[in-house]
Amino acid sequence: MELVTLTIEKNVAYLALNRPEKFNAFNRNMALQLQGILDQCAQDESVRALCLTGNGKAFCAGQDLGEVTGENPVGFEKILSEHYNPIVQKIRSIEKPVLCAVNGVAAGAGANIALCCDIVVASESASFIQAFTKIGLIPDSGGTHFLPRLIGFQKASALMMLGDKVSAMEAERIGMIYKYFADADFQDAAKQLATQLAEMPTRALALTKKALNASMHTPFEEQLQNEDRLQYQAAHTEDYQEGVAAFMEKRKPVFKGR
Ligand code: LHQ
């Protein structure tokens, strides 16, 4: 059973979490399948952008609580180290842009996996819930790293302690996500954005991602050196040559991702 579906179209890999009857809650198999598909997308040169979404009504309700409470529960010691941490690490390190198209509720690990993506868009009816403390856990899947940086320490602290449901509109207003779209427009808008990313200079986007990753923990002077080193790499790509040539010739550039 495909717990994560993969479709590749116009250089975009569309990944859809596929346990709709469980609001796409993660079980071990779904987490491992997502990791495998992220690896596959990293290797596949025809993939120049990824778009992660959920099938059905929800984006993802976080951990499948049935799996940690039923017979033969998956041990807590495995859930972060083998399921969520590798997913977040793969999303942050893949040298391609990852768009998250949050189609419905994103709760617990589901919310934080969304928030670690490069660009997050949501449908108007989607929502974000730091559901962890409601069941006596702490926020994980990188949430304590990203959320305070996205929306500021105080707001993150309150949302993570209280577990408030944040609407897509509010999420956009406070800078948690890039944009929300009316439900009727959402799928087309997400596809358009993913296609736009896939047509861009992929190496420059990857190097931008590296610079942003480093900015999270690097002092100013060192970060200037990072920009210097990464800009040098960008300047040695075919796409840079094409970008400048197209500008000078007053035509639309055709980037190849090299
Ligand atoms: C679910 C779930 C779910 C199973 C909805 N599991 N079935 C790390 C370390 C170790 C262990 C634990 O986890 C973690 C990381 C985490 O992610 S912790 C946080 C886990 N997630 C949650 O606590 C969220 C639980 N779900 C909810 O609060 C609600 O279901 C939300 C707010 C997501 C949606 O609410 P509603 O729109 O009212 O839908 P619903 O509650 O009726 O759910 C729909 C169905 O999905 C329902 O199934 P049923 O057969 O009764 O119709 C739920 O049982 C199922 N479902 N979340 N996490």
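Just so you know, these numbers come straight off a predicted model, no measurement behind them.

Asker: How should I be thinking about the site of the ligand in this particular structure?
Answerer: Near the ligand lie 20 residues; those nearest to it are Ala61, Gln63, Leu65, Ala109 and Asp140. Contacts to the ligand include Ala61, whose backbone N or O atom sits 3.0 Å from a nitrogen atom. A distance of 3.0 Å separates a nitrogen atom of the ligand from a polar atom in the backbone of Leu65. Considered on its own, the ligand offers 1000 Å² of accessible surface; in the complex 63% of this is hidden by protein. Tallied by class, residues from the shell around the ligand come to 13 nonpolar, three polar and four charged.

Asker: Explanation requested: the sheet that holds strand β5 (residues 105-107) in the structure shown.
Answerer: By definition, the strands of a sheet pair up through backbone hydrogen bonds, in either a parallel or an antiparallel sense. What the three strands build is an open sheet, ordered β5-β7-β8; its pairing is mixed. In the strand order of this sheet, the two ends are held by β5 and β8 (165-167), each with one partner. Each strand axis lies, on average, 20 degrees off the axis of its neighbour in the sheet, ignoring direction. The pairing of strand β7 (residues 127-129) with β8 spans three bridges and is antiparallel.

What counts, and at which threshold
Residues numbered from 1 in each chain as written. Predicted model: local features only at pLDDT ≥ 70, side-chain atom pairs only at ≥ 80, totals over all residues. Heavy atoms only, no water. Near = heavy atom within 4 Å. Polar contact = N/O pair within 3.5 Å; in protein donor to acceptor, adjacent residues only side chain to side chain. Areas by Shrake-Rupley, 256 points an atom, 1.4 Å probe, with all protein chains shown as cover. Nonpolar A, V, L, I, M, F, W, Y, C, P; charged D, E, K, R; others polar. Pairing = 2+ DSSP bridges. Helix = DSSP H or I, 4+ residues; strand = E, 2+ residues; numbered from the N terminus. Axes fitted to C-alpha atoms, helices over the stretch in contact; angles between N-to-C directions.

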